[in-house]
Structures are given as structure tokens and as C-alpha cells.
Amino acid sequence: MRQFFQKRRDFLQNTAIALLSVSAVFLFAQTQIYNLGVDAGSSYFRFLSASAPGADSASAAQQTVLAAPVRIAVTGAYGRYGSVSLSTADPEFEPLDRLLGEVLGSARTYAACDAQAFLDALQGTSVYYDFLEPLPLSVLAGLVGGTTSEDGISARRLVVANQAGGVYLYLWDGEAAYLRCATAVSTENLENAIGNYELGNAAFAFDNTDPGLHYEEVAPYSLFLTEEPELPVLTAAASLTDTDALLNTLRFNPYTKNRYPEADGAEVIMESERTLRIRADGSIYYQSGGDPALSVKAAEETPTQQEAVTGTAALLNALLSPAPDGAALYLQGIQQAGTLTALTFGYQMNGVPIRFSDGGCAAKVTLSGSTVSTLELRFRQYAPTEEVSLLLPLRQALAIAAMEPGAELSIGYADNGGGTVSAGWLAD
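Residues numbered from 1 in each chain as written. Predicted model: local features only at pLDDT ≥ 70, side-chain atom pairs only at ≥ 80, totals over all residues. Heavy atoms only, no water.

Q: Explain unusual backbone geometry here, please?
A: Residues apart from glycine generally show negative phi values, whereas peptide bonds are mostly found in trans. Positive phi outside glycine occurs at R251, with the angle close to 65°. Within the fold, R251 resides in the loop between helix 8 (243-249) and strand 12 (259-261). Positive phi, normally seen in glycine, also occurs at S272, with a value near 55°. The residue S272 is located in the loop between strand 13 (267-271) and strand 14 (274-278) in this model. For S272, a relative accessible area of 64% gives the class exposed. (Helix = DSSP H or I, 4+ residues; strand = E, 2+ residues; numbered from the N terminus. Buried < 20%, exposed > 50% of the residue type's maximum accessible area, 1.4 Å probe, protein only.)

Rendered as C-alpha cells:
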């Protein structure tokens, strides 16, 4: 079987090279974009395929219910180690988990810096974290079992670097803001964490200077490995099969007579001021109408960001239970304005994000105070197969991504609603 897939991989790779040799790259790229359906929103991407707890217990609960995909690069005297298929729950991440918790917990005054300072921090002994989406530092600290008093700063990428005999933290918020601060972490702790990894298997786009490979055309923090991970093809299916369990979790009476079908195939269930729509595609939409029957635990009227994330993730996981092995939700964003909190979530498989070709997300939840005001969830179940996803060779992926200079090239899954999902190159 492995020999069969190897032959198939070789055949497809040779075909891709042949296409390039006859200058068909543009047509090929256009085909890939069309097959996915282009979405012009902020989440647009192209797929290049071949009782309120205290702070400590809240952090522990957040680690338990919500792991995050994270790309890492560990840099020492002899090169870089990198991983693009890792989550905060993986044992491999544990040394860097502890390090980041210590760094965030001991960070001092943040000051503005620039993109060059962030880049320079990666030239020496350092650890780079990319959480794919900008998240509040309080939430990031909770993901690694730590705490921080900073609640108004968000970061997507972080660098912990040895500079001037001390350990400094650099942040990028996913847009234009760069920050730097000193920490109380020792250089020995940083070097001990780095010592857990074998260096030399990874490089950023900015590390590569060969103009013939178009590295200069993609985002500089695109991370590439000497050997790309072998990621399985996934089966995918709508996973909502037990509506009684769904109603119980949402605190509806499963025997209610207040239910009717709509013309589009959705089933509507009403109880008091609350409404639940179970759509024909297996997704749901819940609206409370102000009824506090469904809420998250919070010490005050409005939950903290950590409380909102922990409570909402626990509710979503209960709705998806039993969760498929290896597939899990991760937080994509959280915004608070007054008493309102809006959260979005995606699916990941073993640290690799699963993106929807329509640009949507796995779940959206709005809290009014601690009450769940609205909840939208796509029930999707993913399971790995023995088939390996066929990635385009990096040279071809770089050539295609170069058509839109500045796009970040990464690896992920793209779900177009079919029965299988393959990993491939994503260009954001």
C-alpha cells in the first residue's frame, strides 16, 4: 500500500513540474482558487493543493478544554528547529509551554519597537511562537498554564530572546504593533528549553536568499522544514446525530411539542424566549432572547476574557461530545465591548488548522454579560485515514504564491464540504 502511494506521489509531483515547464502555473493556480471558491473577507485564503473559579483553576481549565495550534522555531548556535504541526497539548511542546508561562508571568513594562527589532531578535538564541491568530495575553497565558496582569494587549507572534545578557519578550499583534519588554526569566532557563530540540531542520523565508525560488516574494515569517510533515487525509462528515443530547445540553426539553420544520429543511425548536434552529447541513443556530438559561461562570456580571473562553469552550466541547480523536476546537478570536463578548473558534487536527473554503469558522458565540446570547456551530467530525496528503513540492508552491507577493505560505487542511479533507499549502 505504501509503495502504491509513493508511486502516486511521484506521478503527481512529476505532473506538476511538467505543468510549470510549459508555463501553465497561472492557469493551475486559477483552477485551485476557483475550486475552493474565493471569499473576499478578512479570512480569505487560497489552498494550493496536489461558581466562578479562581485565576489558577481557570488557567488549568482552559488548558484542559482548549488546546491551540502553534508553529514554533527554536534557534541556537547551530541552526533552527521548527514544527508546523503542533498544538499546546502535545508533549513535544511542554518545554516551550513552561518557558512561555514563565515569560508572560514575569514580563515587565512593554514598550513599542519596530518590525526590524522583532526580526533581529530571531537572529540569536531565541524561541518563536506563532499562534496563527492574535489573542489577548491573558488568554495565551491561560493556554500555557500561566497568568499575566496584562488584559489589553494581544499577540499572534511572540519571540523569547537572549539579548544583552537577559531574556526579552517581543510581540506582534497581527497588524502593525510591535512591543518589547524585559522579563525575569534567566538565560539558563531559555537555553535549557532550547536544548530539548535538535536544531537544523527549519528556516524562515527571510533566511533563504536564492532569488530563483521566490522566497523573497512570500511573507518573511513563512516557516519551512527540511522534510515537510506527512499528514493524513481526513474523512469528514456532519456529526450531529443525537438531537435529544443536543437539546439536553442546551437545556431544552427534548420532548417539547414546540417544534416545526421550515421550508429550507431546518427544524425550529422554541421554548420560552429561546429558539434553536437545526439546519439541514448539520449546523445549529441558538438565540436566547434574553433568557439566562445558558450561561458561563463568572465572578462578576461580565466575565473576564479567560472566563469567557473557558466557559464557552467547555459548552462547545459538551455539544460536540464525544469528540473525535485528534480533532478539536481552537480559539480564533475574542472581542469585548462593554458587557458584550464575541468569540470565534476553528477546528484543528493535531495542531494543523482546518479551514473552511467558504471563509467561515467552526463556531461563533456571543455573550451578553455571562448569558449565551447567540451560538452558531458547524457539527463536523474528522478522522485520519491511512492515506497521506499529497503536498505540492515547495518550489511549485512558492512559484504559485509569488503571484500575490507578501502572502504567507503555510500548511493546513481545507474543508470544502466533501467527504474527505486533504492537507496542502495555504496562502494567506
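Q: Please clarify how the sheet that holds strand 4 (residues 111-113) should be interpreted in this entry.
A: In a beta sheet, neighbouring strands are held together by backbone hydrogen bonds and run either parallel or antiparallel to one another. Read from one edge to the other, the open sheet built from seven strands follows the order 3-2-5-6-7-8-4, with strand pairing classed as antiparallel. In this open sheet, the two edge strands, each paired with only one partner strand, are strand 3 (79-83) and strand 4. On average, each strand axis in the sheet is tilted by 25° relative to the strand beside it, whichever way the strands run. Each of strand 2 (71-76), strand 5 (126-136), strand 6 (154-163), strand 7 (166-172) and strand 8 (178-182) is contacted by helix 4 (residues 94-106), which is oriented at about 70° to strand 5, the strand it contacts most. (Pairing = 2+ DSSP bridges. Axes fitted to C-alpha atoms, helices over the stretch in contact; angles between N-to-C directions. Contact = heavy atoms within 4.5 Å.)

Q: What's the story with the sheet that holds strand 23 (residues 420-421) in this structure? I'm lost.
A: Spatially, three strands are ordered 21-11-23 in an open sheet, and the strand pairing comes out antiparallel. The outermost strands of the open sheet, each flanked by one partner alone, are strand 21 (380-388) and strand 23. As paired elements, strand 11 (residues 232-238) and strand 23 share two bridges and run antiparallel to each other. By the bridge assignment for strand 23, T235 is matched with T420.

Q: So what exactly am I meant to see when it comes to the side chain of S87 here?
A: By the element assignment, S87 lies in the loop between strand 3 and helix 4. When sequence neighbours within four positions are dropped, the list of residues in contact with S87 reads A67, A68, P69, V70, F93, Q348 and G351.

Q: How do you make sense of the confidence of the model for the protein chain when you look at a structure like this?
A: As a note on interpretation, predicted positions should not be read in detail where pLDDT is low. Predicted confidence across the protein chain gives a mean pLDDT of 85, with 84% of residues reaching 70 or more. Looking over the protein chain, one finds the lowest element-wise mean pLDDT in helix 2 (residues 25-36), namely 34, and the highest in strand 19 (residues 363-368), namely 98. This model gives residues 1-8 a pLDDT under 50, and the stretch forms five contacts once residues within four places in sequence are excluded. Counting contacts from residues 15-46, a segment whose pLDDT is below 50, to residues more than four positions away or on other chains yields 47 contacts. (pLDDT = per-residue confidence, 0-100.)

Q: I keep staring at the packing of aromatic side chains and nothing clicks. Help me out?
A: To describe a pair of aromatic rings, one takes the distance between the centres and the angle between the planes. All told, the structure shown has 16 aromatic pairs when counted by the stated rule. Each ring, one from Y347 and one from F356, has its centre 6.4 Å from the other, and the planes form 65°; the classification is edge-to-face. Members of the aromatic cluster, connected to one another through ring pairs, are F118, Y128, W172, Y178, F204, F206 and Y221. Over the ring of F252 we find R274, and its NZ or CZ is 4.1 Å from the ring centre. The ring of F356 carries R378 above its face, with NZ or CZ at 4.0 Å from the centroid. (Phe/Tyr/Trp six-rings, centres within 6.5 Å; stacked < 30°, edge-to-face > 60°. Lys NZ or Arg CZ within 6 Å of the ring centre and 35° of its normal.)

Q: Help me out: how do you make sense of helix 7 (residues 187-194) in this one?
A: Every α-helix carries 3.6 residues per turn, so stepping three or four residues along brings you back to the same face. Turning to helix 7, its buried residues number three or more, namely L190, A193 and I194. The buried residues of helix 7 occupy one face: seen down the axis, they fall within an arc of 100°. In this structure, the buried side of helix 7 is in contact with strand 2, helix 4, strand 5, strand 6 and strand 7. (Arc of directions from axis to C-beta.)

Q: Just to check I follow, could you spell out the environment of L223 for this structure?
A: Topologically, L223 is positioned in strand 10 (residues 223-225). The buried category is assigned to L223, whose relative accessible area is 7%. In this structure, the C-alpha to C-alpha distance between L223 and A73, residues 150 residues apart in sequence, is 8.1 Å. For L223, the contacting residues outside a window of four places in its chain are I72, A73, S83, V84, A202, A203, F204 and L409.

Q: Where do I start with the pattern of salt bridges in this structure?
A: Opposite charge on two side chains permits them to pair, given that their charged atoms come into close proximity. In total, this model carries 15 salt bridges according to the counting rule given. Notably, a salt bridge pairs R259 with E267, separated by 2.8 Å at the nearest N-O pair. Residue E267 is classed as partly exposed on the basis of its relative accessible area of 26%. As a salt-bridge pair, D358 and R378 come within 2.9 Å of each other at their nearest N and O atoms. With D358 in the loop between strand 18 (352-356) and strand 19 and R378 in strand 20 (residues 371-378), this pair connects stretches of sequence that are 20 residues apart. (Salt bridge = Lys/Arg side-chain N within 4 Å of Asp/Glu carboxyl O.)

Q: What should I look at first to understand the nonpolar core in this one?
A: Among soluble globular proteins, nonpolar side chains are generally buried collectively. Within the largest apolar cluster, 117 residues are counted, with the highest numbers of intra-cluster contacts made by Y129, L158, L276, I284, L375, L377 and Y382. Once you skip the residues sitting within four places of it in the chain, L375 turns out to touch I284, Y285, Y286, L315, L316, L319, K364 and V365. (Core = buried A, V, L, I, M, F, W, Y, C linked by side-chain atoms within 4.5 Å.)

Q: Is there a simple way to think about the environment of L320 in this case?
A: Inspection of the secondary structure assignment puts L320 in helix 9 (residues 305-320). Along the backbone, L320 and L246 are 74 residues apart, and their C-alpha atoms lie at a distance of 8.7 Å. If we skip the residues at most four places from it in the chain, L320 touches L329, Y347, L377 and F379.

Q: Got a minute to help me understand the packing of helix 4 against helix 7 in this structure?
A: Helices that pack against each other are described as a pair by the angle of their axes relative to one another and the distance between those axes. Relative orientation of the contacting elements helix 4 and helix 7 amounts to 160°, with a least axis distance of 9 Å. Here helix 4 is positioned roughly antiparallel relative to helix 7, judged by the angle of their axes. Judged by the twist between their axes, the crossing of helix 4 over helix 7 is left-handed. Contacts between helix 4 and helix 7 involve P95, L96, L99 and E102 from the former and N189, L190 and A193 from the latter. Grouping the constituent residues of the contact of helix 4 with helix 7 by class yields five nonpolar, one polar and one charged. (Parallel < 35°, antiparallel > 145°, perpendicular 65-115°, else oblique. Left-handed = near helix turned anticlockwise from the far one by under 90°. Nonpolar A, V, L, I, M, F, W, Y, C, P; charged D, E, K, R; others polar.)

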